[in-house]
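Structural characterization, general
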Amino acid sequence: MDTNIKQNLPAALWALTISAFAIGTTEFVIVGLLPTVAKDLQISIPSAGLLVSLYAIGVAIGAPVLTALTSRIPRKKLLISLMILFIIGNGLASVAPGFISLVIARIITGFAHGVFFSIGSTIAAALVPAEKRASAISVMFAGLTVAIVTGVPLGTFIGQHFGWPATFIGVALLGVIGLITSIILVPGNLKNEKSASLKEQLKVITNKRLLLTFLMTALGYGGTFVAFTYLSPILQELTGLSESMVSITLLLYGIAIAIGNLIGGKVSNRNPIKALLWIFSLQAAILVIFTLTVHHTIVGLITLFIMGTLSFASVPGLQLLVVQIAEKHLPGTEDVASAFNIASFNIGIAIGAYAGGLIVASPLGLGATPWVGAIFVVLAIIVTLVSSRVNRK
């Protein structure tokens, strides 16, 4: 590794982290803005929930498909192009005259998101010596966690006080900062990873062990988003919190997610499947408990904090399990497997948010979203048990 890259190492990683922060904020901030957007565009809360689902579908397509199609483009050039696409998507969202144009802007931004996290990991790894690769990738993904902790409540506050278009302008400006820092700090001589052939991609999506893990990812993460997508209306209508209190609660929820992510990483290091069984079991239980405590402010908020700790705790274990299975059974396909797992997370978000919308629109209403989410997580537990048996064989 030449000295120029070594000197730029911390700064180049910061450029990726800033971009990840901007992208994470735009994905999750809509959760806090659902009631505001629905009221302004004169649509129902479940319809507004499609802004979460369709963004996630954009990411799910972007991660494996667009990553493969752009594999020959130099890494820095692709990174800069993605940030420009991200800025355009959020700029269009800020001036969207109606629901359909806002949906299209969200899908465009989702495409950029999917490819960014697929190539961002390989860029982060290329910036450091082999023994520091995992740490470099975790620094980049820290941007996503920080976005949930600070970007989402801040974006929600801006949207509630200055209108939701102001939030998208703010996120676009974050994208501009990510773009400028990437142009200045990311080295231009990064080698492209060898692109996976169609045959290799087919191997990944036809491998039984990996398919079970992708299903665990989609169901476990999907269970979170049945309720998480509609958290803002739940807190306002059922728990009785004011708009400003919802922003503070989202901040606390974000802190809980960050704590859960760290705990999930530590407990999953040795035996990810065993850890995932525990995490999913506790998550299903707390979702059911939240159904009962949601109408009581103090108890409901305590339950919500525990729910936040568990809701993203499975992420490190699921990512680790995918890489371990790919290394053992399909060496050389780790990147492709990771891209498909990013797609699986977002398929889970899309299905969870859509299912939540159906529940909210049905006679069951908002209060049923946590226990319906628990059903998804119970299905994830069953798939994890099957996966455990298959992997033992």
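Read on for an overview of the structure. (Residues numbered from 1 in each chain as written. Predicted model: local features only at pLDDT ≥ 70, side-chain atom pairs only at ≥ 80, totals over all residues. Heavy atoms only, no water.)

1. Considering the packing of helix α10 (residues 243-268) against helix α13 (residues 314-329)
Angle between the axes and distance between the axes are the two parameters that describe a pair of packed helices. Applicable threshold: Axis definition: a line fitted to C-alpha atoms, limited for helices to the stretch in contact. Angles are taken between N-to-C directions and run from 0 to 180 degrees. Comment: elements are numbered from the N terminus, with helices defined as DSSP H or I runs of at least four residues and strands as E runs of at least two. Should an angle lie under 35 degrees it is considered roughly parallel, over 145 roughly antiparallel, and from 65 to 115 roughly perpendicular; all remaining angles are considered oblique. Only heavy atoms matter for contacts: two residues are in contact if any of them lie within 4.5 Å across the pair.
Orientation of α10 relative to α13, taken along the N-to-C sense of each, is 40°, at an axis distance of 6 Å. Classified by the interaxial angle, the pair formed by α10 and α13 is oblique. On the side of α10, the interface is formed by N261, G264, G265 and S268, while α13 contributes V315, P316, G317 and L320.

2. Considering the packing of aromatic side chains
Using the following cut-off: Any pair of Phe, Tyr and Trp rings, taking the six-membered ring for Trp, is counted once the centres come within 6.5 Å. Such a pair is stacked with planes under 30 degrees apart, edge-to-face with planes over 60 apart, and tilted for the rest. Each residue gets one of three labels from its accessible area relative to the maximum for its type: buried under 20%, exposed over 50%, partly exposed in between, using a 1.4 Å probe on protein chains only.
Inspection of the entire model under this criterion finds 13 aromatic pairs. A centroid spacing of 6.2 Å and a plane angle of 55° characterise the contact between F225 and F312, whose relative ring orientation is tilted. In this pair, F225 sits in helix α8 (residues 208-228) while F312 sits in the loop between α12 (297-311) and α13, placing the two residues 87 residues apart along the sequence. By the burial criterion, F225 is buried, and F312 matches it. An aromatic cluster is defined as three or more aromatic residues linked by ring pairs; in this entry it consists of F28, Y221, F225, F228, Y253, F312 and F345.

3. Comments concerning a nonpolar patch on the surface
The line we're drawing: Each patch is assembled from residues with relative accessible area greater than 30% and no salt bridge, linking like charges that lie within 9 Å and nonpolar side chains (Val, Leu, Ile, Met, Phe, Trp, Tyr) that lie within 5 Å. Only the protein chains shown count as cover for residues, with accessible areas throughout obtained via the Shrake-Rupley method and a probe of 1.4 Å. The salt bridge definition used is simple: a Lys or Arg side-chain nitrogen within 4 Å of an Asp or Glu carboxyl oxygen.
On the surface, M245, I248, L251, L252, I255, I259, I263, V267 and F305 cluster together to form a nonpolar patch covering roughly 700 Å² of accessible area. Among the elements that take part in the nonpolar patch, α10 stands out by supplying eight residues, more than any other.

4. Digging into the side chain of N341
Rules: Counted as a polar contact is a pair of N or O atoms within 3.5 Å, where, for protein atoms, one must be capable of donating a hydrogen and the other of accepting one, and residues adjacent in sequence contribute only when both atoms are in side chains.
As for its placement among the helices and strands, N341 is situated in helix α14 (residues 334-361). Exposure remark for N341: the relative accessible area of 0% places this residue in the buried category. Within the local environment of N341, its side chain forms a polar contact with the side chain of T217, the two groups lying 2.9 Å apart.

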